[in-house]
Amino acid sequence: MMYASINSCDIAADAVSADPAGMLASQRSAAIRQRELLLRTDPRFSRMPKFLKTEVLAGILVELIQLAGRARRGGTPVELYLVDHAFFNQQLGCDFPRLLRSYYDQLDADEQDILCRVYGSTLAAWLDLAHSESLLPHPVTLVPAPALDDEGIE
């Protein structure tokens with residue numbers, strides 16, 4: 001995730017120019033600034049700047065979409081469960097639905113169109129989740145961990 005953040009920052013830093021050395025120097029500076037920002041940022045998700053939260057969210061979505069895609073290609077039906085209540089805890093303003101809405105809404109129309117063409121119904125399902133009012137607040141169901149014997153076996 002850190003590499004993706006740094007790479008996207010340095011690529012976006014400069015447009016193609018007649019001065020390749022200058023362009024590379026500019027991209028290198030942007031990459032170093034982004035690396036330093038990432039290293040200095042509080043690692044607690046709730047304390048991260050919003051743009052980093054959305055980068056993390058985008059990374060999670062890509063991983064989940066790839067996981068589901070692998071299963072589908074293998075002919076396996078797919079259901080993903082977000083079991084950590086923090087995904088839906090609205091108290092800190094960093095719940096999954098709110099961040100997804102914020103991320104998608106800040107994209108311009110062309111970027112939204114590209115995402116829709118690439119991810120199709122999968123993106124539509126995630127956006128349905130992000131806009132669903134019936135999910136929150138909901139009662140949390142706690143499932144106890146299986147009892148282990150002295151040797152750590154169920």
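Just so it is clear, the structure is predicted and the values come from calculations on it, not from any experiment.

(A) Representation of the side chain of Thr41. On the secondary structure map, Thr41 appears in the loop between helix H2 (20-40) and helix H3 (50-73). Among the polar contacts listed, one links the side chain of Thr41 to the backbone oxygen of Leu37, at a separation of 2.6 Å. Beyond its immediate sequence surroundings of up to four residues, Thr41 is in contact with Met48, Pro49 and Leu52.

(B) Structural view of the nonpolar core. The biggest cluster of nonpolar side chains holds 16 residues, and the ones touching the most others in it are Leu57, Leu61, Phe96, Leu100 and Trp126. Mapped onto this core, the elements with two or more residues apiece are H3, helix H4 (96-105) and helix H5 (109-131). When residues of this core are assigned to their parent elements, the largest contribution, five residues, is made by H5. Residue contacts for Leu61: discarding those within four places in its chain leaves Phe96, Leu100 and Trp126. Ile6, Ala31, Leu38 and Met48 belong to the second largest nonpolar core, which has five residues in total.

(C) Main features of the confidence of the model for the protein. Averaged over every residue, the pLDDT of the protein is 79; residues scoring 70 or more account for 82%. Per-element confidence in the protein is highest for H5, whose mean pLDDT is 87, and lowest for helix H1 (residues 2-12), whose mean pLDDT is 70.

(D) Molecular detail of the pattern of salt bridges. The tally for this structure, following the rule as stated, stands at four salt bridges. The partner of Arg35 in a salt bridge is Glu36, and the shortest N-O contact between them spans 2.6 Å. Looking at Arg35, the relative accessible area reads 35%, which means it is partly exposed. Judged by its relative accessible area of 29%, Glu36 is partly exposed. Between Asp113 and Arg117 there is a salt bridge whose closest N-O contact spans 3.2 Å. Pair noted here: Asp113 and Arg117 are both in helix H5, with a separation of four residues, about one helical turn. Residue class for Asp113 comes out partly exposed when judged on its relative accessible area of 39%.

(E) Spatial organisation of H4. Along H4, the residues that are buried comprise Phe96, Pro97, Leu99, Leu100 and Tyr104. Down the axis of H4, the buried side of the element spans an arc of 165°, and every buried residue falls inside it. Taken together, the buried residues of H4 touch H3 and H5.

Cut-offs and rules
- Residues numbered from 1 in each chain as written.
- Predicted model: local features only at pLDDT ≥ 70, side-chain atom pairs only at ≥ 80, totals over all residues.
- Heavy atoms only, no water.
- Helix = DSSP H or I, 4+ residues; strand = E, 2+ residues; numbered from the N terminus.
- Polar contact = N/O pair within 3.5 Å; in protein donor to acceptor, adjacent residues only side chain to side chain.
- Contact = heavy atoms within 4.5 Å.
- Core = buried A, V, L, I, M, F, W, Y, C linked by side-chain atoms within 4.5 Å.
- Buried < 20%, exposed > 50% of the residue type's maximum accessible area, 1.4 Å probe, protein only.
- pLDDT = per-residue confidence, 0-100.
- Salt bridge = Lys/Arg side-chain N within 4 Å of Asp/Glu carboxyl O.
- Arc of directions from axis to C-beta.

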